[in-house]
Amino acid sequence: MAEEKFDVIIVGGGITGCVAAYLLAQAEMEVLVVERAEEAGQKAVTGGRMYGHAMEKIFPGFGEEAPVERKIVRERISFLAEETATTLEYDDEEMRKPEKASYSILRGNLDPWLTEKAEEAGAMFIHGIRVDKVLTDDKGKAIGVLAGEEEMYADCVLLADGVNSLLAQQLGLKKELEPKQVAVGVKEVIQFSEEEINKRFGVKDGEGLAWLFAGDVTNGAVGGGFLYTDKDCVSIGIVETIEEIGYGGVAPRDMVERLKNHPSVRDYLTGGELVEYSAHLVTEGGYDMIPQLYGDGVIVAGDAAALVMNLGFTIRGMDLCAESARLAAETIIAAKEKGDYSKASLSLYEKKLNDSFIVKDMKHYRKMPAFIDNHRIFEQYPGMMEEIMKGLWLVDGEEKEKFFKTAMGAVKKVGIFKLFGDVRKAMGAL
Amino acid sequence: MAMTIEDKLGHNRFNVDSSYAHIHVKDTCDDQKLVERVIMACPAKLYSQREDVKDVWNAAPAASSHTDVLLSPGTTPWAVWV
Ligand SMILES: Cc1cc2nc3c(=O)[nH]c(=O)nc-3n(C[C@H](O)[C@H](O)[C@H](O)COP(=O)(O)OP(=O)(O)OC[C@H]3O[C@@H](n4cnc5c(N)ncnc54)[C@H](O)[C@@H]3O)c2cc1C
Ligand code: SF4
């Protein structure tokens, strides 16, 4: 029986796969998306706050129409010692502007909406099937995929199969991930009511908070915590670099409990009900981890292409994956017009990525992974800040030491030269 | 009171297709440090060490984090289906 041949087969129906499918179908291409989860969003995990700019380009009015949870209007970052938190908070009216807005999202809500958009545009989805292999011809050009016993054919294959893209590895486009380049994320979703979220976090309807943590949460290991307010729930979790597992002696799954029970967090969460528990890998390697992005008849996009920036003060993956999907779709549309899906033709994708904010920003923050890979940030600085803050604000009627002396004492414990060295490195990385 | 991982897994929205067993135990592992790290790493707490053999085994459903694959690339004493 002659097999049906598609213009494009997309492996993975996450944000990258859905956005590309939507744009390709809009351009009247025959698109098939193969997703291993039984339902859209079922295997997807994010923190998550999505910067809206890339989606607004693709779906004008995204912030109003899409099932986003809350617009983030407040940033908070806390350095945790065992019982204290030194916190920086930032409010900005500009965060309310559509072009600068970011949103908390739940993938269980967003991915089905994206799938529907792509289906309405004409893309076809198969859920519940895992692609095992990219099929190639005798010259090595991708010609389709193998899923179980079934072969499906296409002019071009788009790999949007996420951080651990085994298919890109099979094709020799990507190296096996190294424990230093990847973190494990463990996340819980805890439900309240919308009013309760507003009250506890001091936010209005539709508006919310992004809160990141470093220090005690990982017990000094390289990693951190996050909390995002969703409509009627809270997404809370941790990430720990895989190489660090064991350092500090706390298992990643227990770090979530540690964060939830920290004095600066626990009162926000009392009485909530756990409604979701999930875990996933997060790419952390930055610019130097970007693999070969295309081959004969194949393109790699989104997390599969390691397009994620973990900057410590924020994490950006979803806006990068949406934009990379758009650029991949443009490249494939151009290739169809030329009737040429060769490696040379698809190299346009790399040019487009290089000209985009993705590669420019990732290059900009290229030194960030090396800067973050420093135990002092997680082990010593939160304690140093605690000591300094105690010197400023704790009064018990006993004679107070001169603040300068207290502060210098705290700094000396870390080492003045080490501190200056780290500040210099931070400047370089930023 | 803190919930156990078993309770939490009840709220795991990932479905695990039983036709693809999540983990296959291939062999025993002599690297005790590695075994300990994998036991610690798994968000679903699926690994445990038997007293008699240096061996790890699983119980579905997992959270599909793929952490274990990365901790023991190449020389993995078990194979994980992702
Ligand atoms: C804990 C955590 C916190 C994060 N926080 C943030 C944040 O706050 N902000 C942000 O912007 N980003 C964040 N990220 C990163 C962000 O989630 C990713 O960049 C984004 O999800 C990538 O989308 P994707 O579509 O490329 O990949 P995925 O969402 O991983 O989608 C890949 C899809 O491919 C499917 N698949 C995989 N293999 C196969 C196969 N062989 N056959 C068929 N289907 C397959 C999977 O089931 C999945 O649905 C976070 C990530 C994690 C894990
Ligand atoms: S994939 Fe993740 S959750 Fe599943 S067994 Fe491995 S470490 Fe545990």
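Predicted, not measured: the structure shown is a model, and the values here were computed from it. (Residues numbered from 1 in each chain as written. Chains lettered and ligands numbered in written order. Predicted model: local features only at pLDDT ≥ 70, side-chain atom pairs only at ≥ 80, totals over all residues. Heavy atoms only, no water.)

## Describing the overall build of chain A
Inference 1: The secondary structure content of chain A amounts to 17 helices and 19 strands.
Inference 2: Its C-alpha atoms give chain A a radius of gyration of 23 Å, near enough to 22 Å, the size a compact globule of 430 residues would have.
Inference 3: Considered along the principal axes of its C-alpha atoms, chain A spans approximately 90 × 45 × 40 Å.
Inference 4: Here chain A holds 430 residues, and the buried ones make up 58% of them.
Inference 5: Intrachain contacts of chain A at a sequence separation of at least 6 include 71% that bridge at least 24 residues.
Inference 6: Accessible surface for chain A amounts to roughly 18100 Å². Of this, 50% is attributable to carbon and sulfur atoms. (Helix = DSSP H or I, 4+ residues; strand = E, 2+ residues; numbered from the N terminus. Rg over C-alpha atoms; globule rule 2.2 N^0.38 Å. Buried < 20%, exposed > 50% of the residue type's maximum accessible area, 1.4 Å probe, protein only. Contact = heavy atoms within 4.5 Å. Areas by Shrake-Rupley, 256 points an atom, 1.4 Å probe, with all protein chains shown as cover.)

## Here we look at the nonpolar core
Inference 1: With 99 residues, the main nonpolar core has I10(A), I15(A) and F62(A) as its most contacted residues.
Inference 2: The element best represented in this core is helix α9 (residues 318-338) of chain A, accounting for 10 residues.
Inference 3: Taken together, domain 1 (5-45 + 107-175 + 288-364) and domain 2 (380-429) of chain A each give at least three residues to this core, which thus spans both.
Inference 4: Leaving out residues up to four positions away in the same chain, I15(A) has contacts with M50(A), M55(A), R107(A), L110(A), D111(A), L114(A), M318(A), C321(A) and A322(A).
Inference 5: Ranked by size, the runner-up nonpolar core spans 46 residues in total, among them I197(A), V217(A), L269(A) and V38(B). (Core = buried A, V, L, I, M, F, W, Y, C linked by side-chain atoms within 4.5 Å. Domains from an automatic or database assignment.)

## What about the packing of aromatic side chains?
All names here are of chain A.
Inference 1: This structure, assessed with the given rule, holds 8 aromatic pairs over all chains.
Inference 2: Aromatic pair W211 and Y268: ring centres 5.3 Å apart, planes at 80 degrees, arrangement edge-to-face. Taken as a pair, W211 in strand β12 (residues 207-215) and Y268 in helix α8 (residues 266-269) lie far apart in primary sequence, 57 residues in all.
Inference 3: Following the ring pairs from residue to residue traces out a cluster consisting of Y22, F59, F62, Y103 and W113. (Phe/Tyr/Trp six-rings, centres within 6.5 Å; stacked < 30°, edge-to-face > 60°.)

## Considerations on the site of ligand 1
Residue and element names in this part refer to chain A.
Inference 1: Taken together, 34 residues lie around ligand 1, and T16, E35, R49, R107 and D303 are the ones closest in.
Inference 2: Contacts to ligand 1 include D303, whose side-chain N or O atom sits 2.7 Å from an oxygen atom.
Inference 3: In this structure, an oxygen atom belonging to ligand 1 sits 2.8 Å away from a main-chain N or O atom of M318.
Inference 4: In isolation ligand 1 offers 1000 Å² of accessible surface; the protein chains occlude 96% of this area.
Inference 5: For the shell around ligand 1, the elements supplying multiple residues, two or more each, are α1 (15-26), β2 (31-35), β15 (273-283), β19 (315-316) and α9.
Inference 6: Counting residues per element, the shell around ligand 1 draws most heavily on β15, which supplies 3 residues. (Near = heavy atom within 4 Å. Polar contact = N/O pair within 3.5 Å; in protein donor to acceptor, adjacent residues only side chain to side chain.)

## Digging into a nonpolar patch on the surface
All names here are of chain A.
Inference 1: Together, L392, W393 and F403 line one region of the surface with nonpolar side chains, adding up to about 340 Å² of accessible area.
Inference 2: For F403, the position within the fold is in helix α16 (residues 403-414).
Inference 3: A relative accessible area of 34% means that F403 is categorised as partly exposed. (Patch = residues over 30% accessible without salt bridge, like charges linked within 9 Å, V, L, I, M, F, W, Y side chains within 5 Å. Salt bridge = Lys/Arg side-chain N within 4 Å of Asp/Glu carboxyl O.)

## Thoughts on the environment of N374(A)
Inference 1: Within the fold, N374(A) resides in the loop between α13 (368-372) and α14 (375-379).
Inference 2: Along the backbone, N374(A) and R424(A) are 50 residues apart, and their C-alpha atoms lie at a distance of 13 Å.

## Some details on unusual backbone geometry
All names here are of chain A.
Inference 1: Going from G47 to G48, the amide bond is cis rather than trans, its omega being 10 degrees.
Inference 2: With a phi angle near 65 degrees, E28 is a residue other than glycine that sits in the positive phi range.
Inference 3: Residue position: E28 is located in the loop between α1 and β2.
Inference 4: Take E28: its relative accessible area is 71%, and that puts it in the exposed class.

## With respect to the pairing of strand β10 (residues 150-159) of chain A
Residue and element names in this part refer to chain A.
Inference 1: When strand β1 (residues 5-11) meets β10, the two strands line up parallel, connected through 6 bridges. Its bridge partner lying in β10, V11 is registered against L159.
Inference 2: As paired strands, strand β9 (residues 142-147) and β10 are joined by 4 bridges and run antiparallel to one another. Residue L146 lies in a different strand from β10, and its bridge partner there is E151.
Inference 3: Counting the residues that bridge the hairpin from β9 to β10 gives 2 residues, and of these G148 lies at a positive phi of roughly 65 degrees. (Pairing = 2+ DSSP bridges.)

## Considering the domain arrangement of chain A
Inference 1: Parsing chain A into structural domains produces domain 1 (5-45 + 107-175 + 288-364) and domain 2 (380-429).
Inference 2: Domain 1 of chain A and domain 2 of chain A are separated by 48 Å when their C-alpha centres are compared.

## Considering the state of the cysteines
Inference 1: In total, this model carries 0 disulfides over all chains according to the counting rule given.
Inference 2: This cysteine, C156(A), is not joined by any disulfide, and C18(A) carries the nearest cysteine sulfur, 17 Å off. (Disulfide = S-S within 2.5 Å.)

## Remarks on the packing of α1(A) against helix α4 (residues 107-121) of chain A
Think of two packed helices as two axes; the pair is described by the angle between the axes and how far apart they sit.
All names here are of chain A.
Inference 1: Interhelical geometry of α1 versus α4 gives an angle of 20 degrees and a closest axis separation of 8 Å. Compared by their axis directions, α1 and α4 come out roughly parallel. α1 and α4 meet at a crossing whose hand is left-handed. Residues I15, C18, A21, Y22, A25 and Q26 of α1 form the contact with α4, whose participating residues are R107, L110, D111, L114, T115, K117, A118 and A121.
Inference 2: Tallied by class, residues from the contact of α1 with α4 come to 9 nonpolar, 2 polar and 3 charged. (Axes fitted to C-alpha atoms, helices over the stretch in contact; angles between N-to-C directions. Parallel < 35°, antiparallel > 145°, perpendicular 65-115°, else oblique. Left-handed = near helix turned anticlockwise from the far one by under 90°. Nonpolar A, V, L, I, M, F, W, Y, C, P; charged D, E, K, R; others polar.)

## Regarding the pairing of β15(A)
Residues and elements named next belong to chain A.
Inference 1: Counting buried residues along β15, 9 of its 11 residues qualify, which places the element largely inside the surrounding structure.
Inference 2: Looking at chain direction, strand β11 (residues 182-191) and β15 are connected through 10 bridges and run antiparallel. Its bridge partner lying in β15, V189 is registered against E276.

## Topic: the pattern of salt bridges
Once the charged atoms of two side chains with opposite charge are near each other, the side chains can pair.
Residues and elements named next belong to chain A.
Inference 1: Using the criterion set out here, one finds 29 salt bridges over all chains in the structure.
Inference 2: Between R316 and D319 there is a salt bridge, and its shortest N-O distance comes to 2.9 Å. Residue R316 shares its accessibility class with D319, and that shared class is buried.
Inference 3: The salt bridge partner of D422 is R376, with a shortest N-O separation of 2.7 Å.

## A short note on α4(A)
Residue and element names in this part refer to chain A.
Inference 1: Given a rise of 1.5 Å per residue, 15 residues ought to cover 21 Å, and the 21 Å separating the end C-alpha atoms of α4 matches this to within 8%.
Inference 2: When we look at burial in α4, the residues that qualify are R107, L110, D111, W113, L114, T115, K117 and A118.
Inference 3: Looking at the buried positions of α4, the neighbouring elements they touch are α1, β3 (49-51), α2 (53-58), α3 (62-65), β7 (124-127) and α9. (Expected span 1.5 Å × (residues − 1).)

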